[in-house]
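Commentary on secondary and tertiary structure
Here's the letter readout for the chains.
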Amino acid sequence: MKNKSSNSILKTSGLSIGYSEKSTNKIIVEKVDFEVNEHELTAVIGVNGAGKSTLLKTLSRSLEPLQGEIIINSKNVQNISSEELSKQLSLVLTEQHVSRNLSVRELIALGRQPYTNWIGKLHQKDKEAVHNAIELVHIEGLANRKCYELSDGQFQKVLIARAIAQDTSLIILDEPTTHLDIYHKAFMLKLLKQLTETTGKGIIFATHEINLAIQLCDKLIILKDGKAFTGTPKELMASGVFDSLFPSELITFDRQSASFRISS
Amino acid sequence: MWSRKKYSLTIIFLGAALLFCLLLNISLGSVNIPFSEVFASLSGFPVEKDTWRYIILEFRLPKAITAMITGSGLAVSGLLMQTLFRNPLAGPYVLGLSSGASLGVAIAFMGSALFGAGFAAILLSKWSLVIASSLGSLLVLLAVIVASLKLKDTMAILIIGLMFASFTAAIVSVLAYFSPAADLQQYIFWSYGSLGNLSWEEVGILAVFWTTGVLITLASIKNLNSLLLGEQYARSMGTNIKRNRFLVILATSLLAGSITAFAGPIAFIGLAVPHLVRQIIPSANHIILFPAIIFGGAILMLLCDIVSQLPGSEFSLPINAITSIIGAPVVIWLLVRKRRFNF
């Protein structure tokens, strides 16, 4: 992979992911090796059950890696405290039981918890970070609304703003485009792209929007049959991974338009 | 959204309402004492009748303080459990504390049928009920804490609490089945709850437990707020899930356990007050909810106590029934009026 200089945010080597049950390890994907640099948008792609969530959970330390190591900002994830990790890595999750009885600003301000005192008092710097996050995802008009008044798309942006307010160099999103219509899906991914460009953060997200990801992302991680294929969309296209990603009698990859189509 | 000022004003208003309810509670009873005389007795000025001062200082004031401690303590426990389990049906007793306490008390009252008459004699001291109740709660608490340290899933603790409750309730009913009517009646009277009968010494002990529980809650407020987003988010923001879970269970046990030991199992307050307050104050932020729920719990308990005394009459009703009779319609009314359930 290119660019081994200091701007690497996340790097994995020899990483095997899966679940350990008692004495046996159930490996889902082996040898997931990739690197996320500053300003890079990376998508994790794979069919249901391919291990996308498992990979993201392992990266965010909800699951232990079965093998190999994960390096965030040149530190091994296994060796740092959760307080320190919370300053390096923030999450945007779907399907979580999030209380919506908070104002948008209150929810985003929770992202400042790693930096606030024992009772969570917001100082000027924290307020600025919250304000900044609100501006970055363009929700100035929603800041004083309650979260239960928002649409799914708007709420998704609030959750992203919360992750930005946490001021980490890496943001991990689990399927940020589910429940959204095609316009909002494109909008959301474009927003992520824009965020990597303006803030320098590395963003890694799981998605089923493969056609949009090919167009927008700097790198892709394709999980297929227990193996991981990583690289830029162009590299992966050249390697032919896309051609066999789905059963060809149903969906084929059209090289001309660089997109997947229903087989005719 | 409410402004910061509006939140502060609401909490100040609740504080004022609490003071008023306290005075009202002390003034009303089988003998109604005018406000001016209540002030006089509390501040040491001469009082028209000496019996009034005696009634106030020896009976009504300790009882009113017990009511405030009970109401606020149970309400805070309810909030803790509802946030920890992210479940609006959780209350201070979901961990099985009151079932444990009732098992302890049931054995104290009705155990003689099983263990012989000598057993009852050991338990005749003034503190016997408090000790029996605390031991029962402690037993259940230890089991729940051991489980909570082993389990990864917080929801499983909820189920374990419910299982303990069923288990202990079954043992209590077996004890009741074999008990003479007089013992059974004593046990049933205990289960009605009682705010009176506490000496200043006992009120003092209760206050120590209450303060400890409230301080632990205060120290957990930041983590409780992070739990509003779910455990995975909370962990990603640096919250130590297991340590926080332990502290929350500890605070709940100190509050609800000591209250049950001294006042019996008081139903409903712990479940309802957090909902009442959330319907009035539109925020899930614990920094705002916490003081409001302390005041709200104390106010509701004082009001329930006033009603249960049936002012002006010689009779009184069991406090445990009154809390639900007053509380349930209020919660229903608020929910229907707002047409929206804030949680």
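Residues numbered from 1 in each chain as written. Chains lettered and ligands numbered in written order. Predicted model: local features only at pLDDT ≥ 70, side-chain atom pairs only at ≥ 80, totals over all residues. Heavy atoms only, no water.

Regarding its fold elements, chain B presents 15 helices and 0 strands. Relative to its length of 343 residues, chain B is compact, with a C-alpha radius of gyration of 21 Å against a globular reference of 20 Å. Oriented by its inertia axes, the alpha-carbon framework of chain B measures out at about 60 × 60 × 35 Å. Scored against the burial criterion, the 343 residues of chain B give a buried share of 54%. Contacts spanning at least 24 positions in sequence make up 76% of the contacts within chain B whose residues lie at least 6 apart. Working note: accessible area of chain B is about 14,900 Å², and carbon and sulfur atoms make up 73% of it. (Helix = DSSP H or I, 4+ residues; strand = E, 2+ residues; numbered from the N terminus. Rg over C-alpha atoms; globule rule 2.2 N^0.38 Å. Buried < 20%, exposed > 50% of the residue type's maximum accessible area, 1.4 Å probe, protein only. Contact = heavy atoms within 4.5 Å. Areas by Shrake-Rupley, 256 points an atom, 1.4 Å probe, with all protein chains shown as cover.)

Turning next to the state of the cysteines. Here a disulfide denotes one covalent bond, and it connects the sulfur atoms of two cysteines. Under the counting rule described, the total for this entry stands at 0 disulfides over all chains. Of all cysteine sulfurs in the structure, the one in cysteine 304 of chain B sits closest to cysteine 21 of chain B, which takes part in no disulfide; the separation is 11 Å. (Disulfide = S-S within 2.5 Å.)

With 95% of its residues at a pLDDT of 70 or more, chain B shows a mean pLDDT of 89. Reported confidence for the predicted complex is 0.92 by ipTM and 0.92 by pTM. (pLDDT = per-residue confidence, 0-100.)

All names here are of chain A. Alignment of strand 12 (residues 251–254) against strand 13 (residues 259–262), held across 4 bridges, turns out to be antiparallel. Note on strand 13: the bridge partner recorded for phenylalanine 253 is phenylalanine 260. A loop of 4 residues connects strand 12 with strand 13, the two strands running antiparallel in sequence, and alanine 258 in this loop sits at a positive phi of about 50°. (Pairing = 2+ DSSP bridges.)

What follows covers a nonpolar patch on the surface. Residue and element names in this part refer to chain B. Taken together, the side chains of Ile131, Leu135, Leu138 and Leu142 define a hydrophobic patch exposed on the protein surface, amounting to about 380 Å² of accessible area. Examined against the element boundaries, leucine 135 turns out to sit in helix 7 (residues 128–150). For leucine 135, a relative accessible area of 53% corresponds to the exposed category. (Patch = residues over 30% accessible without salt bridge, like charges linked within 9 Å, V, L, I, M, F, W, Y side chains within 5 Å. Salt bridge = Lys/Arg side-chain N within 4 Å of Asp/Glu carboxyl O.)

The subject of this paragraph is the interface of chain A and chain B. The interface of chain A with chain B comprises 33 residues on the first partner and 30 residues on the second. When the two sides are added together, the surface that chain A and chain B hide from each other amounts to roughly 2,800 Å², 53% of it contributed by carbon and sulfur. For the interface between chain A and chain B, the tally reads 0 salt bridges. Run the count over chain A and chain B and you get 10 residue pairs in polar contact (both at pLDDT 80 or more). Only helix 2 (82–88), strand 7 (89–92), helix 3 (104–109) and helix 5 (152–165) of chain A provide two or more residues apiece to the side of chain A that touches chain B. (Buried area = accessible area lost by both parts, 1.4 Å probe. Polar contact = N/O pair within 3.5 Å; in protein donor to acceptor, adjacent residues only side chain to side chain.)

When their charged atoms lie close together, side chains carrying opposite charge are able to pair. Residue and element names in this part refer to chain A. The tally for this structure, following the rule as stated, stands at 11 salt bridges over all chains. Across the salt bridge formed by glutamate 149 and arginine 145, the nearest N and O atoms sit 2.9 Å from each other. With relative accessibility at 42%, the residue glutamate 149 sits in the partly exposed group. Taking the relative accessible area as the measure of exposure, arginine 145 reaches 33% and is therefore partly exposed. Across the pair arginine 255 and aspartate 243 runs a salt bridge whose closest N-O atoms are separated by 2.7 Å. Here aspartate 243 lies in the loop between helix 8 (233–239) and strand 12 and arginine 255 lies in the loop between strand 12 and strand 13, a separation of 12 residues in the sequence.

Once that is clear, we can look at helix 3 (residues 50–85) of chain B. All names here are of chain B. Here helix 3 is 36 residues long and its end C-alpha atoms lie 51 Å apart, about the 52 Å a rise of 1.5 Å per residue gives. At isoleucine 56, helix 3 shows its maximal kink, close to 40°. The buried fraction of helix 3 amounts to 27 of the 36 residues, a majority that puts the element mostly inside the structure. With its phi angle positive at about 50°, arginine 86 sits one or two positions after the end of helix 3. (Expected span 1.5 Å × (residues − 1). Bend = angle between axes of the 7 residues up to and from the residue.)

To continue, consider the packing of aromatic side chains. Counted under the stated rule, the structure contains 11 aromatic pairs over all chains. Measuring from ring centre to ring centre gives 5.8 Å for phenylalanine 242 of chain A and phenylalanine 260 of chain A, while their planes differ by 80°; the resulting arrangement is edge-to-face. Of this pair, phenylalanine 242 of chain A sits in the loop between helix 8 and strand 12 while phenylalanine 260 of chain A sits in strand 13, and the two are 18 residues apart along the sequence. In this structure phenylalanine 242 of chain A comes out as buried when scored by relative accessible area, which is 1%. A residue is classified by how much of its surface remains accessible, and phenylalanine 260 of chain A, at 11% relative accessible area, is buried. Taking 5.5 Å as the distance between ring centres and 40° as the angle between the ring planes, the aromatic pair formed by tryptophan 2 of chain B and tyrosine 7 of chain B counts as tilted. (Phe/Tyr/Trp six-rings, centres within 6.5 Å; stacked < 30°, edge-to-face > 60°.)

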